[in-house]
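In case you want the letters, here they are:
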Amino acid sequence: MEEKREPKIVGFLCKWCTSAAADLAGTSRMQYPPSIRPIKVMCSGSVDMSYILRALLMGADGVLVGGCHPADCHYLSGNYKARRRIAILKSIFDTLDLDSERIELKWISASEGKKFADTVKEFNDKLSEKGPNDFTKSWNL
């Protein structure tokens, strides 16, 4: 019997909000899949497109970028920069006929541990349905 493969999710999480929500979910013993590999960043606006591409090229099945809600950024406009970058990257993926749904951007504040757990579970389920990332196969690398 074939074992179900757990997707690999790289999470770029804002130190001030989404990372704190992940901590809250953990300390509150909320259940979510262990498929996320969290990387704490100072701000979602500091996540460069090349970080996302690199994660996908290195075998991640999906990338979750989590930041503060708009207008609540500790760096004033960082999350607006993140929103613009993700929109541009998804547009590039669609133009190149790549799966842009493997990239997710969510606003999760420090007090929303349940939202973090639910987001990871939903993204994990979506990636499980899609199957393994074939990003490198698309480019014959």
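Heads up: the structure comes first, above all this text.
A short tour of the structure in this document, coming up. Note that the structure is a prediction, hence the values are computed from the model and not measured.

This part takes up the packing of helix 2 (residues 49-57) against helix 3 (residues 78-95). One way to put it is that helix 2 packs onto helix 3 with a least axis distance of 10 Å and a crossing angle of 45 degrees. In terms of axis orientation, helix 2 runs oblique to helix 3. Taken as a pair, helix 2 and helix 3 cross one another with a handedness that is right-handed. Packed against helix 2, whose contacting residues are Met49, Ile52, Leu53 and Leu56, the element helix 3 presents Arg85, Ile86, Ile88, Leu89 and Phe93 at the interface. Counted by class, the contact of helix 2 with helix 3 contains 8 nonpolar, no polar and 1 charged residues.

With that settled, consider the environment of Ile86. Mapped onto the elements, Ile86 comes out in helix 3. For Ile86, a relative accessible area of 7% gives the class buried. Distance in space between the C-alpha atoms of Ile86 and Ala117 is 22 Å, their sequence separation being 31 residues. Once residues within four sequence positions are removed from consideration, Ile86 is found in contact with Ile52, Val65, Ile103 and Leu105.

Once that is clear, we can look at the pattern of salt bridges. On inspection of all chains with the given rule, the structure shows 8 salt bridges. Lys126 is paired through a salt bridge with Glu104; the nearest N and O atoms lie 3.2 Å apart. Taken as a pair, Lys126 in helix 4 (residues 113-130) and Glu104 in strand 4 (residues 103-107) lie far apart in primary sequence, 22 residues in all. Its relative accessible area of 27% is what places Lys126 among the partly exposed residues.

The rules behind the values
Residues numbered from 1 in each chain as written. Predicted model: local features only at pLDDT ≥ 70, side-chain atom pairs only at ≥ 80, totals over all residues. Heavy atoms only, no water. Axes fitted to C-alpha atoms, helices over the stretch in contact; angles between N-to-C directions. Helix = DSSP H or I, 4+ residues; strand = E, 2+ residues; numbered from the N terminus. Parallel < 35°, antiparallel > 145°, perpendicular 65-115°, else oblique. Left-handed = near helix turned anticlockwise from the far one by under 90°. Contact = heavy atoms within 4.5 Å. Nonpolar A, V, L, I, M, F, W, Y, C, P; charged D, E, K, R; others polar. Buried < 20%, exposed > 50% of the residue type's maximum accessible area, 1.4 Å probe, protein only. Salt bridge = Lys/Arg side-chain N within 4 Å of Asp/Glu carboxyl O.

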